[in-house]
Amino acid sequence: MRILPPLAACLFFLLLSTCGSAPEGGEVQTADFFDLKGYIAAEVERLNGQPLRVHKTITLNGETEVKILDDLDYEKDLGLFAGADINRNAWVDKYATDVQQLSGQHRITQYKALDSTLTTQFLEVEEERGQTIQLKIIRKTGTVLSKGRSEMIYRPVLGYIVTTKQENRFGDDVDAMVRVEW
């Protein structure tokens, strides 16, 4: 019997591990979390199909600017929410899930990060009769030179709010809020 050299054995093992069959249709199973990216894509499509007048308020370190817009790039604006999606196979054991059945068909599902290095630390999905009525997301922001936190709330009927507080080592701290109402 011939023993394979370590490199050949590793390559053989990798080859075998990649030969597993994919689920029907070639799709890869995803974690059983809320599909935030898919939900936001559907919301962008819904909002693009409606003539909405949007009130956008931006406050940065105490300075406020208000705009009234007849069109908004919803894909760009809501991209921040889509970017907080946690529905990935690699993260299936990185979040704790808690479901609260409040009354009748009113339910709140919370996903809390078990790993402090993950950007999305908290996602809460509030549903009434199977329809999402509110999302709440808490994300870590920053770089090596700064640390911060963003809280995002999305209500499909009303709009959204994003608040960010960031501490910078060498520059001014940032305290920002964006409120969009339709």
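**Thoughts on the packing of aromatic side chains**
Phase 1: All told, the structure shown has 10 aromatic pairs when counted by the stated rule.
Phase 2: Relative to Y154, the ring of Y39 has its centre 6.3 Å away and its plane inclined at 80°; by these criteria the two rings are edge-to-face. One end of the pair, Y39, is in helix α2 (residues 36–48); the other, Y154, is in strand β7 (residues 146–155), and 115 residues separate them in sequence.
Phase 3: Of the residues examined, Y39 reaches a relative accessible area of 15% and is grouped as buried.
Phase 4: Exposure remark for Y154: the relative accessible area of 0% places this residue in the buried category.
Phase 5: An aromatic cluster of three or more residues is present, and its members are F34, Y39, Y74, F81, Y154, Y160 and W182.

**Describing the sheet that holds strand β9 (residues 174–181)**
Phase 1: Pairing in this open sheet of 9 strands is antiparallel, and the strands run β2-β1-β9-β8-β7-β6-β5-β4-β3 from one edge to the other. Where the open sheet ends on each side, the last strands, each with one partner, are β2 (63–69) and β3 (95–103). Looking at each pair of strands side by side, their axes are set apart by 10° on average, direction ignored.
Phase 2: In this structure, strand β6 (residues 131–143) lies alongside β7, joined through 9 bridges in antiparallel fashion. Across the sheet, the residue bridging to G142 is K147, located in β7.

**Digging into the environment of G104**
Phase 1: As for its position among the elements, G104 is in the loop between β3 and β4 (106–113).
Phase 2: G104 sits 24 residues away from E128 along the chain, and the two C-alpha atoms are 8.7 Å apart.

**Section: the side chain of R139**
Phase 1: By the element assignment, R139 lies in strand β6.
Phase 2: For the buried R139, no salt bridge exists, and the shortest N-O distance to an oppositely charged side chain is 10 Å, to D85.
Phase 3: Once residues within four sequence positions are removed from consideration, R139 is found in contact with L80, G83, A84, T119, T120, Q121, G148, R149, S150 and M152.

**Details of the pairing of β3**
Each regular strand carries side chains that alternate between the two faces of the sheet.
Phase 1: One ladder, built from 8 bridges, connects β3 with β4; its direction is antiparallel. Opposite D98, over in β4, you have Q110 as the bridge partner.
Phase 2: Between β3 and β4, which pair antiparallel and follow one another directly, the connecting turn spans 2 residues, one of which, G104, has a positive phi of 55°.

**Quick look at the nonpolar core**
Phase 1: By size, the foremost hydrophobic cluster in this structure holds 30 residues, and its most contacted members are I40, F81, Y154 and W182.
Phase 2: Elements with a minimum of two residues in this core: α2, α4 (79–82), β4, β5 (120–128), β6, β7 and β8 (159–168).
Phase 3: With 5 residues, α2 is the largest single contributor of residues to this core.
Phase 4: Among all residues touching W182, those that are not within four sequence positions of it are L47, L52, R53, V54, Y74, Y154, R155, P156, V157, L158, G159 and Y160.

**A look at unusual backbone geometry**
Phase 1: With phi around 50°, N61 is a residue other than glycine that occupies positive phi space.
Phase 2: Tracing the backbone shows N61 in the loop between β1 (54–60) and β2.
Phase 3: Overall, N61 belongs to the partly exposed group, its relative accessible area being 42%.
Phase 4: Positioned with a positive phi, R129 is a non-glycine residue whose angle comes to about 55°.

Analysis parameters
- Residues numbered from 1 in each chain as written.
- Predicted model: local features only at pLDDT ≥ 70, side-chain atom pairs only at ≥ 80, totals over all residues.
- Heavy atoms only, no water.
- Phe/Tyr/Trp six-rings, centres within 6.5 Å; stacked < 30°, edge-to-face > 60°.
- Helix = DSSP H or I, 4+ residues; strand = E, 2+ residues; numbered from the N terminus.
- Buried < 20%, exposed > 50% of the residue type's maximum accessible area, 1.4 Å probe, protein only.
- Pairing = 2+ DSSP bridges.
- Axes fitted to C-alpha atoms, helices over the stretch in contact; angles between N-to-C directions.
- Lys, Arg positive; Asp, Glu negative; His and termini not counted.
- Salt bridge = Lys/Arg side-chain N within 4 Å of Asp/Glu carboxyl O.
- Contact = heavy atoms within 4.5 Å.
- Core = buried A, V, L, I, M, F, W, Y, C linked by side-chain atoms within 4.5 Å.

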